[in-house]
Amino acid sequence: RFYKHTISQSQQTMSVLEQIKANSISELNLSQDADEITEKTSEIVDALRSNTSIVSVRFEGDFLGTMRNDARLEVVEAIGMIPTLQRVYIADTLLVVSGIAKMLCKATGLRELSINNMLLQGIELEFSFFEATLASHYSLKVFNMDKCRPAVKDISLDGLLTSSTTGLLTSISEAVPNQRIAQSA
């Protein structure tokens, strides 16, 4: 369900939420639905905002996908408040792109951001906000985007290619094209 950099005897008996509150983990990796977190969104958001030990966050698989859209946004934005945060990897979910941008604005020490296999929601203005945030983020050194696509067909991710600042290593694989969903009568 989750993995930590080092696991002490006391950490083995603590829940993920308790470990976040206790500042006892440096890596938060969640890939499955964790009822203790998804059912207590306000508690996890408060714990993340107060945390001072997490350096790396990795959300993938079903973890974010099982949350309501507003809860997903709150959690992603809250990780930006962690002062020690250096790496973020988010994958396998639908997310409003402005939530990623807001997280970036708050995560002043973030060095690496990776997004993978995501359906990015938002209007063109929100995508422009994300691009501008990437371009102006002074500590971000690496931005990776793979297998992501906008939810709205007319929105392009091309602007993300040109938003990188000098010295930012950007790896963007070809975006997955929007596909029309066949509907049967």
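Residues numbered from 1 in each chain as written. Predicted model: local features only at pLDDT ≥ 70, side-chain atom pairs only at ≥ 80, totals over all residues. Heavy atoms only, no water.

Observations concerning the pairing of strand S4 (residues 87-91)
Extensive coverage of S4 is indicated by the burial of 4 of its 5 residues. Both strand S3 (residues 56-59) and S4 contribute to a ladder of 4 bridges, which runs parallel. What sits directly across from Arg58, in S4, is Tyr89. Handedness of the crossover is the feature at issue here: the chain leaves S3, passes through helix H5 (residues 69-79), returns alongside S4, and the resulting connection is right-handed. (Buried < 20%, exposed > 50% of the residue type's maximum accessible area, 1.4 Å probe, protein only. Helix = DSSP H or I, 4+ residues; strand = E, 2+ residues; numbered from the N terminus. Pairing = 2+ DSSP bridges. Right-handed = clockwise from strand over helix to strand, strands pointing away.)

Concerning the side chain of Asn116
Within the fold, Asn116 resides in strand S6 (residues 112-116). Setting aside residues no more than four positions away along its own chain, Asn116 makes contact with Tyr89, Ile90, Ala91, Asp92, Asp146, Lys147 and Cys148. (Contact = heavy atoms within 4.5 Å.)

Topic: the pairing of S3
Here strand S2 (residues 27-30) runs beside S3; their pairing, made up of 4 bridges, is parallel. Across the sheet, Leu30 pairs through a bridge with Phe59, a residue of S3.

Focus on unusual backbone geometry
In this structure, Asp92 is a non-glycine residue whose phi angle is positive, near 65°. Looking at the element boundaries, Asp92 is found in the loop between S4 and strand S5 (94-96). The residue Lys147 is not glycine, and still its phi comes out positive at about 55°.

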